[in-house]
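Descriptive analysis of the structure
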Amino acid sequence: MTAILEFISGLLDGVALLALALVLGGLGSALAVVRVLHGHHPVLHEAVQRVLSLTLFSGVCLIGLRILQLVLKPMALMDVMGSSAFSDFSQTQVFQHGVLSILLTVGLVSAVMFVKQHVGSWIRWLLVLVLAGTYMVNEGWLSHAASRLEGGGSLMIVTMIHVFGATLWAGGIMHLLLLWRFLRNQDSTLWPELVSRFSPLGIISVSLIVVPGVYLSWQYVGGWDGLIGTGYGNMVAVKILLFSCVLVLAALNFFTARALRGRQDLTIMQQRVPAYIEAEIILAVGLLFTAASLTGFPPSVDVMEDAASSAEMWTMYNPKVPRLSGPELVLIEAPDLTNLQTGEIGHKQDVSWDRFNHNFSGVVVIVMGIMALFDRLGGYRWARYWPLMFIGFSVLIFVFANPDHWPLGSTRLMDSLQETEVIQHWLAAVVVFGLGWFEWRARDEQVGQRQLQFMFPVLCIVGGIILLTHSHSVAELKEEFLIQSTHVAMGALGVLLGCGRWLEIRLPAPYDRMAGVISISAMMLVGLILLFYIKPSLVIL
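Residues numbered from 1 in each chain as written. Predicted model: local features only at pLDDT ≥ 70, side-chain atom pairs only at ≥ 80, totals over all residues. Heavy atoms only, no water.

1. Remarks on the overall build of the protein
Counting secondary structure elements, the protein contains 18 helices and three strands. Over its C-alpha atoms the protein spans a radius of gyration of 25 Å, differing by no more than 12% from the 24 Å that the globule rule assigns to 541 residues. Counting only C-alpha atoms, the protein reaches 80 × 65 × 40 Å along its principal axes. Counting every position in the protein, which comprises 541 residues, the buried fraction comes to 51%. Per element, the accessible surface of the protein, about 25300 Å² overall, is 65% carbon and sulfur. In the protein, the 31 positive side-chain charges and the 36 negative ones have mean positions that sit 15 Å from each other. (Helix = DSSP H or I, 4+ residues; strand = E, 2+ residues; numbered from the N terminus. Rg over C-alpha atoms; globule rule 2.2 N^0.38 Å. Buried < 20%, exposed > 50% of the residue type's maximum accessible area, 1.4 Å probe, protein only. Areas by Shrake-Rupley, 256 points an atom, 1.4 Å probe, with all protein chains shown as cover. Lys, Arg positive; Asp, Glu negative; His and termini not counted. Charge placed at Lys NZ, Arg CZ, Asp CG, Glu CD.)

2. Some points on the packing of aromatic side chains
Throughout the structure, instances matching the rule amount to 18 aromatic pairs. Ring centres of Phe374 and Trp382 lie 5.6 Å apart, and the angle between their planes is 45°; on these two criteria the pair is classed as tilted. Phe374 gets classed as partly exposed once you look at its relative accessible area, which sits at 28%. By relative accessible area, Trp382 is classed as partly exposed at 47%. Among the aromatic residues, ring-to-ring pairing joins Phe374, Tyr380 and Trp382 into one connected group. The lysine or arginine in question, Arg124, covers the ring of Phe114, its NZ or CZ lying 3.9 Å from the ring centre. Across the ring face of Tyr511, the terminal group of Arg272 is positioned such that the distance to the ring centre comes to 4.3 Å. (Phe/Tyr/Trp six-rings, centres within 6.5 Å; stacked < 30°, edge-to-face > 60°. Lys NZ or Arg CZ within 6 Å of the ring centre and 35° of its normal.)

3. Quick look at the packing of helix α6 (residues 152-183) against helix α7 (residues 191-220)
Across the interface, α6 lies against α7 with an axial gap of 8 Å and an inter-helix angle of 155°. Considering the angle they form, α6 stands roughly antiparallel to α7. The chirality of how α6 crosses α7 is left-handed. Partitioning the contact of α6 with α7 into residue classes produces 22 nonpolar, eight polar and no charged. (Axes fitted to C-alpha atoms, helices over the stretch in contact; angles between N-to-C directions. Parallel < 35°, antiparallel > 145°, perpendicular 65-115°, else oblique. Left-handed = near helix turned anticlockwise from the far one by under 90°. Nonpolar A, V, L, I, M, F, W, Y, C, P; charged D, E, K, R; others polar.)

4. Remarks on the pattern of salt bridges
Side chains carrying opposite charge are able to pair once their charged atoms draw close together. Evaluated as defined, the whole model comprises ten salt bridges. For Arg506, the salt bridge goes to Glu278, with nearest N and O atoms at 2.7 Å. Taken as a pair, Arg506 in helix α17 (residues 477-506) and Glu278 in helix α10 (residues 267-293) lie far apart in primary sequence, 228 residues in all. With its nearest N and O atoms 3.4 Å apart, the salt bridge here joins Arg412 to Asp415. In this structure Asp415 comes out as partly exposed when scored by relative accessible area, which is 33%. A single salt-bridge network, built from bridges that share partners, covers Arg376, Glu439, Arg501, Glu504 and Asp512. (Salt bridge = Lys/Arg side-chain N within 4 Å of Asp/Glu carboxyl O.)

5. Some words on the side chain of His358
The residue His358 is located in helix α12 (residues 354-377) in this model. Relative accessible area serves as the criterion here: at 16%, His358 is assigned to the buried category. Residues contacting His358, with those up to four places away along its chain left out, are His487, Leu530, Leu531 and Tyr533. (Contact = heavy atoms within 4.5 Å.)

6. Let's talk about unusual backbone geometry
At the junction of Trp406 and Pro407, the peptide bond is cis and its omega measures out at 15° in the coordinates. Looking at the secondary structure, you find Pro407 in the loop between α13 (388-400) and α14 (413-416). With an omega of 5°, the peptide bond running from Ala509 to Pro510 counts as cis. Relative to the helices and strands, Pro510 is located in the loop between α17 and α18 (511-531). With a phi angle near 60°, Arg35 is a residue other than glycine that sits in the positive phi range.

7. Looking at α6
Here α6 spans 46 Å end to end across 32 residues, near enough to the 46 Å set by a 1.5 Å rise per residue. With 23 of 32 residues buried, α6 is to be regarded as a mostly interior element. (Expected span 1.5 Å × (residues − 1).)

8. Regarding the environment of Ala250
Structurally, the position occupied by Ala250 is in helix α9 (residues 231-259). We classify Ala250 as partly exposed; its relative accessible area is 28%. Between the C-alpha atoms of Ala250 and Thr295, which are 45 residues apart in sequence, the distance is 28 Å.

9. Topic: the state of the cysteines
Within this structure, the stated rule accounts for zero disulfides. The thiol of Cys460 is unpaired, and the distance to the nearest cysteine sulfur, on Cys499, comes to 11 Å. There is no disulfide at Cys499, and the cysteine sulfur nearest it, in Cys245, is 7.4 Å away. Owing to a relative accessible area of 6%, Cys499 belongs among the buried residues under this scheme. (Disulfide = S-S within 2.5 Å.)

10. Focus: the layout of surface pockets
Estimates place the volume of the second largest pocket at around 420 Å³. Elements that contribute at least two residues to the lining of the second largest pocket include exactly α8 (224-229), α9, α11 (310-317), α17 and α18. Counting residues per element, the lining of the second largest pocket draws most heavily on α17, which supplies five residues. For the lining of the second largest pocket, the residue count by class is 15 nonpolar, two polar and no charged. (1 Å grid on protein atoms, 1.4 Å probe; cavity = no way out; pocket = protein on both sides within 12 Å on 5 of 7 lines; lining within 4 Å. Points joined across faces, edges and corners; volume = space filled by probe spheres on them.)

11. Here we look at α18
The end-to-end C-alpha distance of α18 is 31 Å, a good match for the 30 Å that 21 residues give at a rise of 1.5 Å each. All buried positions along α18 are accounted for by Asp512, Ala515, Gly516, Ser519, Ile520, Ala522, Met523, Val526, Gly527, Ile529, Leu530 and Leu531.

12. Focus on a nonpolar patch on the surface
A contiguous nonpolar patch, built from Leu37, Trp122, Ile123, Leu126 and Val130 and spanning about 520 Å² of accessible area, is present on the exposed surface. Counting through the fold element by element, Ile123 comes out in helix α5 (residues 122-140). A relative accessible area of 52% means that Ile123 is categorised as exposed. (Patch = residues over 30% accessible without salt bridge, like charges linked within 9 Å, V, L, I, M, F, W, Y side chains within 5 Å.)

13. Some thoughts on the nonpolar core
Leu52, Trp125, Val128, Trp169, Trp191, Leu283 and Leu503 are the most contacted members of the largest nonpolar core, which has 109 residues in total. For this core, the element with the most residues is α6, which contributes 15 residues. For Trp169, the contacting residues outside a window of four places in its chain are Phe198, Ser205, Ile209, Val246, Glu280, Ala284 and Leu287. Core analysis: the second largest hydrophobic core is formed by 27 residues, Phe390, Ala429, Val432 and Ile529 among them. (Core = buried A, V, L, I, M, F, W, Y, C linked by side-chain atoms within 4.5 Å.)

14. Overview of the side chain of Lys320
As for its placement among the helices and strands, Lys320 is situated in the loop between α11 and β1 (328-334). Side-chain polar atoms of Lys320 contact the backbone oxygen of Thr315, separated by 2.9 Å. Within the structure, Lys320 has its side chain in polar contact with the backbone oxygen of Phe532 (distance 2.7 Å). (Polar contact = N/O pair within 3.5 Å; in protein donor to acceptor, adjacent residues only side chain to side chain.)

Okay, here's the thing in structure tokens:
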């Protein structure tokens, strides 16, 4: 139960960071994009009301999430600490600043309600900004920096600036899309101007992300070995990858808006720019959940003695002959066979499906990728059936991912439901089934529901986030990391796959072609990771 609660708590951390982004991004959009303090405009006045309504809703959600987090954290400790978990947790710095965070959020929501009644009052906005700033200062006490023995103060300040920049940018682009959806039915001529106004806010936010981010990486990761050989470093690497993709999309938006400024034809601004913003939002959500996952890892500099070497990492990814002939006979530790005189832990033979499951899954995914590529090229009618392979793949995951558990193994269903890894694999099976079913239905001309097309990228993103928050037992830190590194890589590729497929649907020809190539390439890379997967420290007989 503890592992499940920790997994749920990790997901809630990501959702809470998303809610915070919508709050701060809404405030930034109202002031810097709509510019409520620079005069009254009928259409923009209604637009800012919608922005503030979403900001209020996000603030209320943030209050509920923070309360739920404070309840779940001691519950996760009850297996170890017993009934005293709640009373002991209430004495910690995490609890105290968590309560203060809730109170400050209540005050911030109240202040936003106050300013919503008269958006042109700079005094009311000043109150909102003071409360938002106080909230961010309090957040610094909930970060890794608060536990550092040396340089904690400077790290807290830099962390606070970094988080502020990230949430301001992520929430800002979400509210920019909200403004677009409102203006296209009201006065679409205002859209290019709002995109141009967002550019300075975006540049400032990116600066607040990059500069402090480099300093924090240097302090917490240390160097190349910490980046590739630890869980914390791998999550930082994912952030760098996703953020690099964001910068490419942001540059496309910036140069598109700049080139079309002053033109009467708004077709490109209405087709390509919103699609790029939607893709930025997808990547932003992935980034926020990745950032939230960082809190579950010790900084790389603190665990360098347990870090994996480059050679050990290469073993997980280097091309090798896959295991496709069924389970293999292995030697595992058997504590019940421990030699009482020498203390040497005993071993016994066992059957392992782990490598076969991953390697065979890799074959399935690669075949799907090849079929998807031929389907994208056109003229190959047989290739259009590639989504159906996902359905068979989901059955494979559900049945064979954990062969020791229900339905094949001796572990009963109710006991299996208490294992975090089992639940995560079953969730992955549901997501994979949905990928095949919805994509096939979307391609069925008789169905004719355009909305179904978007289920595939949405489920890819959900699956990617599940993999990014995937957890195993930390009893063996290095082995846990080596396995986790493959899930992190596939999670990042899942987000990119979903993002590419989304752009393929939303962009007009010929711009959709490159997006399609990106999504298929991400699928093929996932297949290769699975094909060459091997479980570390496993003695094969």
